[in-house]
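# Working through the structure, step by step
Listed below, chain by chain, are the residues.
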Amino acid sequence: MKRQTPVRAVALASLLALASAASAQTVTFSDPRGDDKGPGNYTYPTDGVYKAGSFDLTKLTVTQSNTDVNFQVEVASNLEDPWGMGVGFAVQMIFVFIDTGPGGHTETPPGLNVKFAPGNEWDKVVVLSPQKKARVTAEAESKAPKFAKDIVVPNLTRGRGRVISGAVPSTELRAAQGDVEKWRYQVVVQSNEGFPAATDFLTRKVNEYEGQHRWGGGNDGDCDPHVLDVIDGPDAKQAEMLAYKCGADGKSEQMATLKMVKP
Ligand SMILES: [Ca+2]
Ligand SMILES: [Ca+2]
Ligand SMILES: [Ca+2]
């Protein structure tokens with residue numbers, strides 16, 4: 001076999017780079033720092049594992065290749081694995097809601113206490129959790145059966161640096177080439193709760209007062225959004241979307257209502 005000259009190797013490498021650039025589409029969203037306070041006044045749990053900034057969404061990147069759609073969510077502090085999850089992060093749980101076309105759901109999986117506005121229905125949600133895929137899908141089937149077929153979980157979700165990422169096959173999202181640039185998105189930052197309430201989908205509660213493993217600044221009932229950060233867009237202001245009203249009995253009088261954002 002003839003040995004390839006360095007010049008030809010370089011030419012081949014740049015050709016491959018061009019080919020992959022042509023077949024991959026990427027969309028990115030930025031979110032402000034310092035708004036990891038839900039509707040505006042939520043406080044972190046007191047345990048040291050909930051490091052400042054670790055629930056502060058700063059960026060979502062969605063990349064579509066020939067076969068997969070990859071989701072990368074960046075937060076404002078370095079990821080750690082204090083609970084030994086083995087995947088480079090532990091305390092976060094991220095929901096990437098996707099509007100792929102007309103129709104879809106306004107309600108969300110139990111434990112978030114948010115809904116989507118009419119015209120902003122979600123079709124698929126990609127869940128980035130440090131829990132094993134089997135646990136997440138089992139929880140989806142038992143606690144959110146009516147959404148289970150639209151809850152998509154990467155085979156492996158991992159954290160590195162400040163980025164939590166996972167890829168799913170395009171077929172699971174019914175993604176045709178270029179779709180990621182046409183879809184709309186919303187991200188909900190939650191916390192991975194390995195011992196969730198009986199009805200909650202691995203989510204951590206927000207109460208009136210923060211505790212060792214409970215967020216503060218909300219309501220002890222389920223009328224407050226159990227959400228730390230979402231993507232801010234031109235027509236989607238976080239403080240407006242997460243505004244809510246509770247009755248004296250802790251029941252919802254006005255539920256926090258999210259909107260999608262466009263690339
Ligand atoms: Ca943020
Ligand atoms: Ca609550
Ligand atoms: Ca935000």
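None of the values given here were measured: they were computed from a predicted structure. (Residues numbered from 1 in each chain as written. Chains lettered and ligands numbered in written order. Predicted model: local features only at pLDDT ≥ 70, side-chain atom pairs only at ≥ 80, totals over all residues.)

A few words on the overall build of the protein chain. Secondary structure assignment for the protein chain yields three helices and 14 strands. For 263 residues, the compact-globule estimate of 2.2 N^0.38 gives 18 Å, and the protein chain sits close to it at 20 Å. For the C-alpha atoms alone, the extent of the protein chain along its principal axes is close to 80 × 40 × 35 Å. Looking at the protein chain as a whole, 40% of its 263 residues qualify as buried. Of all intrachain contacts in the protein chain linking residues separated by at least 6 positions in sequence, the fraction that spans at least 24 positions is 70%. (Helix = DSSP H or I, 4+ residues; strand = E, 2+ residues; numbered from the N terminus. Rg over C-alpha atoms; globule rule 2.2 N^0.38 Å. Buried ≥ 20, exposed ≤ 12 C-beta atoms within 10 Å, placed from the backbone. Contact = placed C-beta atoms within 7 Å.)

Here we take up the sheet that holds strand E3 (residues 68-75). With antiparallel pairing, five strands are arranged side by side in an open sheet as E1-E2-E3-E9-E8. Among the strands making up the open sheet, the edge pair consists of strand E1 (25-30) and strand E8 (157-160). Pairwise comparison of adjacent strand axes, ignoring direction, gives a mean angle of 15° for this sheet. When E1 meets strand E2 (residues 57-64), the two strands line up antiparallel, connected through six bridges. Its bridge partner being in E2, Thr 28 is matched across the sheet by Thr 61. (Pairing = 2+ DSSP bridges. Axes fitted to C-alpha atoms, helices over the stretch in contact; angles between N-to-C directions.)

Turning next to the nonpolar core. Ranked by internal contacts, the top residues of the largest apolar core, which has 61 residues, are Ile 94, Val 96, Tyr 185 and Val 187. Put simply, the parts of the chain that give this core at least two residues each are E2, E3, strand E4 (92-99), strand E5 (114-116), strand E6 (124-128), helix H2 (133-143), strand E10 (184-191) and strand E14 (256-258). By residue number, the principal contributor to this core is E4, which donates six residues. Non-local contacts of Tyr 185, meaning those with residues more than four positions away in its chain, are made with Phe 29, Leu 60, Val 96, Phe 97, Ile 98, Ile 231, Met 260 and Val 261. (Core = buried A, V, L, I, M, F, W, Y, C linked by C-beta atoms within 7 Å.)

A few words on the sheet that holds E10. In sheet architecture, strand pairing relies on hydrogen bonds along the backbone and comes in two forms, parallel and antiparallel. Across the sheet, five strands lie side by side as E7-E6-E4-E10-E11; this open sheet has mixed pairing. Of all strands in the sheet, those bounded by a partner on one side alone are strand E7 (151-152) and strand E11 (229-230). With two bridges joining them, E6 and E7 adopt parallel strand pairing. From the neighbouring strand, Val 125 faces E7, where its bridge partner is Ile 151.

Most peptide bonds take the trans configuration, and most residues that are not glycine carry a negative phi. In this structure, Arg 174 takes a positive phi of about 50° despite not being glycine. When you line up the elements, Arg 174 lands in the loop between strand E9 (163-169) and E10. For Arg 174, a count of 11 C-beta atoms within 10 Å puts it in the exposed group. A positive phi is found at Leu 202, a non-glycine position, where the angle reads about 60°. Among the secondary structure elements, Leu 202 is positioned in the loop between E10 and E11.

Moving on, we get to H2. Among all positions of H2, only Val 136, Glu 139, Ala 140 and Lys 143 are buried. Taken around the axis of H2, the buried residues stretch over an arc of 100°, which confines them to a single face. The outward face of H2, more than 90 degrees from its buried face, is lined by the exposed residues Ala 134 and Ser 142. As for H2, its buried residues are in contact with E6 and E7. (Arc of directions from axis to C-beta.)

Before going further, it helps to examine the pairing of E9. Where E3 and E9 come together, seven bridges link them in antiparallel fashion. Paired with Val 73 across the two strands is Ile 164, which belongs to E9. As paired strands, E8 and E9 are joined by four bridges and run antiparallel to one another. Following the sheet pairing, Gly 159 is matched in E9 by Ile 164. Connecting E8 to the next strand, E9, in antiparallel fashion are two residues, including Gly 161 with a positive phi near 65°.

Bringing the pairing of E4 into the picture now. Burial analysis of E4 places eight of its eight residues in the buried class, which makes it a mostly covered element. What you see with E4 is no split at all: Gln 92, Ile 94, Val 96 and Ile 98 on one side and Met 93, Phe 95, Phe 97 and Asp 99 on the other are buried throughout. In the sheet, E4 pairs with E10 via eight bridges, with the strands oriented antiparallel. The partner of Phe 95 across the bridge, within E10, is Val 188. Pairing geometry for E4 and E6, over five bridges, is antiparallel. For Phe 97, the partnering residue across the bridge sits in E6 and is Val 125.

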